[in-house]
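# Examining the three-dimensional arrangement
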Amino acid sequence: MDAEIKDNPEKHRFELPLDGDALAVSYYKEEDGRVVLLHTEVPQELSGRGIGSRLARGVFESLRAKGRRVIAKCPFMAAYASRHPEYLAMLDG
C-alpha cells in the first residue's frame, strides 16, 4: 500500500496528504459488506500531476490487502480500475 494513503473512517474517505494542508480524497461508504467508492477529489491547482492515480493505487492496494470487495461508482476510480487489470477482480457491480 502507498504509505501516504490514510483511511479516515470517521469521515468515510481515504486521504493523500499533499503540499501544505492540501488533501486529495476519495469518499466511500460501506454497503452490504462492500466498499462503495463514491467520489474522488484532487485540488484543482494540482490536477494533471498524477495525484489522482497515486490516490487510486493506494486505495485499491489498501482494500486488496484487506480482501475487500469494491463497487466503483466514482467514474475516476472505475476508469482507473479498468486500466489496471490487477484490480478488476475486486470489483462488483
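One can find the structure itself at the top, above this paragraph.
Anyway, here's the lowdown on the structure attached to this text. These numbers were taken from a predicted model, which means no experiment stands behind them. (Residues numbered from 1 in each chain as written. Predicted model: local features only at pLDDT ≥ 70, side-chain atom pairs only at ≥ 80, totals over all residues. Heavy atoms only, no water.)

## Thoughts on the sheet that holds strand S3 (residues 23–31)
Condition: Strand pairing is assigned whenever DSSP identifies at least 2 bridges connecting the two strands. A run of H or I in DSSP counts as a helix once it spans at least four residues, and a run of E counts as a strand once it spans at least two, with each numbered from the N terminus. Every axis in this analysis is a line fitted to C-alpha atoms, fitted for helices over the stretch in contact. Angles between the N-to-C directions lie between 0 and 180 degrees. Every residue pair with non-hydrogen atoms within 4.5 Å of one another is taken to be in contact.
Taken in spatial order, the five strands make up an open sheet running S1-S2-S3-S4-S5, and their pairing is mixed. The sheet terminates laterally at strand S1 (6–8) and strand S5 (70–72), the two strands that pair on one side only. Neighbour-to-neighbour, the strand axes of this sheet turn through a mean angle of 30°, independent of strand direction. Relative to strand S4 (residues 34–41), S3 runs antiparallel, the two sharing seven bridges. Bridged to Glu 30 within S4 is Val 35. Where helix H1 (residues 51–65) meets the sheet, it contacts strand S2 (13–17), S3, S4 and S5, and its direction lies at approximately 130° from that of S2. Against the sheet, helix H2 (residues 75–83) touches S3, S4 and S5, its axis set at about 110° to S4.

## Quick look at the packing of aromatic side chains
Put simply, the test is: Only centres within 6.5 Å qualify two rings of Phe, Tyr or Trp (six-membered ring in Trp) as a pair; their planes then separate them into stacked at under 30 degrees, edge-to-face at over 60, and tilted for everything else. Only protein chains enter the area calculation, which uses a 1.4 Å probe; residues under 20% of their type maximum are buried, those over 50% are exposed, and those in between are partly exposed.
One pass over the full model with this rule turns up four aromatic pairs. Each ring, one from Phe 14 and one from Tyr 28, has its centre 5.1 Å from the other, and the planes form 45°; the classification is tilted. Linking Phe 14 in strand S2 with Tyr 28 in strand S3, this pair joins segments that are 14 residues apart in sequence. Here Phe 14 and Tyr 28 have matching classes, each one buried. A centroid spacing of 5.1 Å and a plane angle of 20° characterise the contact between Phe 60 and Tyr 87, whose relative ring orientation is stacked. Here Tyr 87 lies in helix H3 (residues 85–88) and Phe 60 lies in helix H1, a separation of 27 residues in the sequence. Of the two residues, Phe 60 and Tyr 87, neither departs from the other in class, the shared state being buried.

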